[in-house]
Amino acid sequence: MTHTQTSDHWRMERDNDDIAWLYFSRKDSSVNTLSTEALTELDDLLTDLAKNKPKGLIILSAKESGFIAGADVKEISSKKTIEDAAEFIRLGQAVFDRLENIDCPTVALISGFCLGGGLELALACRYRIAEDDPKTKLGLPEVKLGIHPAFGGTVRLPPLIGAPAAMDLMLSGRAISARAAQKTGLVDYAVPKRHLLEAARRTILKPPAPHKPKRWQAMTNHRLVRPWLAKVFRKKVAAKAPEKHYPAPYAIIDLWQKYADTPGRMLREERASEAQLVTDETAQNLIRLFFLQERMKSLGNKDLIDPKHIHVIGGGVMGGDIAVWCALCGFTVTLQDHKHETIANVMQRAHKLFKKKLKLPRLITAATDRLIPDITGSIGLSQADVIIEAIFEDINAKHALFKEIESKIKPDALLATNTSSIPIEDLAKVLSKPERLVGLHFFNPVALMQLVEIVCGTDTDQAVIDKASAFARHIDRLPVPVKSTPGFLVNRILMPYLIEAVVLESEGVPASVIDKAALDYGMPMGPIELADTVGLDICLHVAENLSQAYHVDIPERLKNLVKAGNLGKKTGNGFYHYNKKKGGKKQQKKSGDSNMTNDEICDRMIMKMLNESIACLREQVVEDADLLDAGIVYGTGFAPFRGGPMNYIEKEKKAELKDKLSKLTEKYGDRFTPDAGWSN
Ligand code: NAI
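Keep in mind that this is a model prediction, so the values were computed, not measured. (Residues numbered from 1 in each chain as written. Predicted model: local features only at pLDDT ≥ 70, side-chain atom pairs only at ≥ 80, totals over all residues. Heavy atoms only, no water.)

Asks: How would you explain the overall build of the protein chain if you had to name every residue and give the values?
Replies: Regarding its fold elements, the protein chain presents 28 helices and 23 strands. What you see for the protein chain is a C-alpha radius of gyration of 28 Å, in line with the 26 Å of a compact globule of 680 residues. Dimensions of the protein chain, computed from C-alpha atoms along their principal axes, come out at roughly 80 × 60 × 55 Å. Within the protein chain, the proportion of its 680 residues that are buried is 54%. In the protein chain, once contacts between residues fewer than 6 apart in sequence are set aside, the share between residues at least 24 apart is 72%. (Helix = DSSP H or I, 4+ residues; strand = E, 2+ residues; numbered from the N terminus. Rg over C-alpha atoms; globule rule 2.2 N^0.38 Å. Buried < 20%, exposed > 50% of the residue type's maximum accessible area, 1.4 Å probe, protein only. Contact = heavy atoms within 4.5 Å.)

Asks: I'd love a proper account of the domain arrangement of the protein chain, names of residues and values included.
Replies: Annotation of the protein chain at the domain level lists domain 1 (3–279), domain 2 (300–484) and domain 3 (491–679). One C-alpha centre belongs to domain 1, the other to domain 2, and the line joining them spans 41 Å. (Domains from an automatic or database assignment.)

Asks: Help me get a handle on the packing of aromatic side chains, residues and values and all.
Replies: Under the criterion given, the structure shown has 10 aromatic pairs. Pairing Y246 with F641 gives two aromatic rings, centres 5.3 Å apart and planes at 75°, and the pair type is edge-to-face. In this pair, Y246 is assigned in the loop between α10 (226–238) and α11 (248–259) and F641 in the loop between α26 (625–636) and α27 (645–652), connecting sequence segments 395 residues apart. Taking the relative accessible area as the measure of exposure, Y246 reaches 17% and is therefore buried. (Phe/Tyr/Trp six-rings, centres within 6.5 Å; stacked < 30°, edge-to-face > 60°.)

Asks: Report on the layout of surface pockets, specifying residues and quantitative values.
Replies: Of the voids in this model, the second largest pocket is the one considered here, and its volume is about 900 Å³. Along the walls of the second largest pocket sit 19 residues, with P134, K137, S177, K357 and L358 positioned nearest its centre. Breaking the lining of the second largest pocket down by element, the ones donating at least two residues are β12 (175–176), α7 (178–184), α15 (340–358) and α16 (361–370). Residue composition of the lining of the second largest pocket, grouped by class: 9 nonpolar, 1 polar and 9 charged. (1 Å grid on protein atoms, 1.4 Å probe; cavity = no way out; pocket = protein on both sides within 12 Å on 5 of 7 lines; lining within 4 Å. Points joined across faces, edges and corners; volume = space filled by probe spheres on them. Nonpolar A, V, L, I, M, F, W, Y, C, P; charged D, E, K, R; others polar.)

Asks: I'd love a proper account of the packing of helix α20 (residues 490–506) against α26, names of residues and values included.
Replies: Between α20 and α26, the least distance of the axes is 10 Å, while the angle of their chain directions is 65°. In the crossing of α20 with α26, the sense of the turn from one axis to the other is right-handed. Contact with α20, carried on its side by V490, I493 and L494, involves L628, G631, I632, G635 and T636 of α26 and no other residues of that element. Considered class by class, the residues forming the contact of α20 with α26 number 5 nonpolar, 3 polar and no charged. (Axes fitted to C-alpha atoms, helices over the stretch in contact; angles between N-to-C directions. Left-handed = near helix turned anticlockwise from the far one by under 90°.)

Asks: Residue-level account of the sheet that holds strand β8 (residues 106–110), with values.
Replies: Strands sit in the order β1-β2-β3-β5-β8-β10-β13 across an open sheet of 7 strands; the sheet is mixed. Of all the strands in the sheet, just β1 (3–6) and β13 (189–191) have a single pairing partner and so form its edges. Pairs of neighbouring strands in the sheet enclose a mean axial angle of 20°, with direction left out of account. Here 3 bridges tie strand β5 (residues 56–61) to β8, and the two strands are oriented parallel to one another. Each residue of the ladder has a partner; that of I59, found in β8, is A108. (Pairing = 2+ DSSP bridges.)

Take a look at the structure:
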């Protein structure tokens, strides 16, 4: 190397071929993110380079964690006015413009994460070369935060790879592998690690023609085609995210449809649109959830446990799926269940999930090999580092099991139960060391629900709680420690909402009208359909459990449906009918109109949820309002753009909501009585 130039976040080395290698390593951070400081320094370096032009420029990361994870989300979310936000965006756009216009070949050399602003930087380079490795991920995840690419990403991506592929990336926010990126033309070469540096060097020394989209891809951006395609994109987005709640994806489509022929104008419009979005409530709430997710992750220190072997007891709905998920995550799993056919059924489910997630036959075989049937527990009990009990919800059966296994398991193994209703301290009574039992309460379906409640009994040791949270992180789940009170956190808050929905239905409001009111509020699924999906027997069981502690009145309608064997989707009949001939499509049983407005229906259900949230906080079921919000959003799907029940209460004004509850109490009775916590 002939010359080195450094700044706080960047280091530039000029080699003997006069190639400039520009390394990014954000100071005081384990990952590279683009802040004002980092961008300004990059701007200065590029200005210098333009004066003293190298043969070519290669931008790469000096960090193990990857290329660039995006713009600095903390900095973005701190911009409270449109002007402040626009200034930050203007800086990013200007720097990347400078990079794009530098008069020499430029290469983004990508390993690991290349997301958001990181990918936009790469798009401003003439070539992109990515490491062909599972850890390389390229994507534009901004929509997940209620915003969109704004450092020129919406402008540069569609002409490079065509509108369908570009929109797929921007509207879904998903990340793709190096190989998939090469297929679409997003990266020029996907190469193994050992060839990376040489590939970049050769590209500079013998620059090939820059990537051009295929003719049909280019046609998708044509002025006459755009209105048609935009309609298709909007329809696809609308099926998942209504515009009034999630405006960002619609803004992306609008920008492209209106301005794709005038990149300069599009860049200005991109900036204006982003500055508006980032200061709006949806983005502020989604960004808050992003940080809450980070907080949940930080609750589990992976170093506290090294779970090489996991033993699951009970291969039913939950135990089976927990075992399969752990095997998918790379751990050796033994599955104990006294029924052979149950284990055979789990192996079938496992094969389906492994096929879907792992795709390659050798990876599927390896995962299948990791999942070991162990009818009596003779293999796993004595070997496992983590034991998860998931047998019937019956205290006597669980007691008998714990008594039997305590002496067989390793003294330092993590012992957990997936009980959904039995207090941990009651279960732990039969153990000689009750302090070692903790709840790991997963949600159904395990592969989709990210949250795991870490249920802390009165006797549970803090070290055990910490280990349980750490284990949740090893299997990529989000831990929230909760008190072992009836319903824990999620079911306690969800159930009053579901029960009120059933009461409404019993009063004659059609199920579809109730569900629509909840969907309009922003729930991912209506409460009646949710009850049918969870299973009405399970709903009834949870409701009965809660009714003992909190005097919940269980609607006769729910009891009658269960008595008649109509348990919801799984039996083809519940509140809805599920037509087998039409692939299980749901059909309304009762039709008719309701004289209640959407708002009234919604208020009755949501206010029950909010009231219970206040009660949980007062009783310290969970540490604070932020963790409550995180638990309810990730455990129930509560309208993410509202940022969780406590955030909603804060924004809507507590006194007014309490007043609303008092009015509902006058009209419908004591079940709406405001909790004492509203006065705190
Ligand atoms: P399930 O009835 O589907 O499965 C229970 C399994 O345990 C059966 O396969 C049975 O053969 C097996 N089993 C029973 N006693 C056994 C023993 N002594 N040794 C070995 N295997 C035994 O039950 P599900 O729904 O999977 O529930 C399991 C646990 O998970 C319960 O504690 C439940 O409260 C909890 N849970 C259930 C949720 C759900 O949505 N179903 C959600 C969250 C927690």
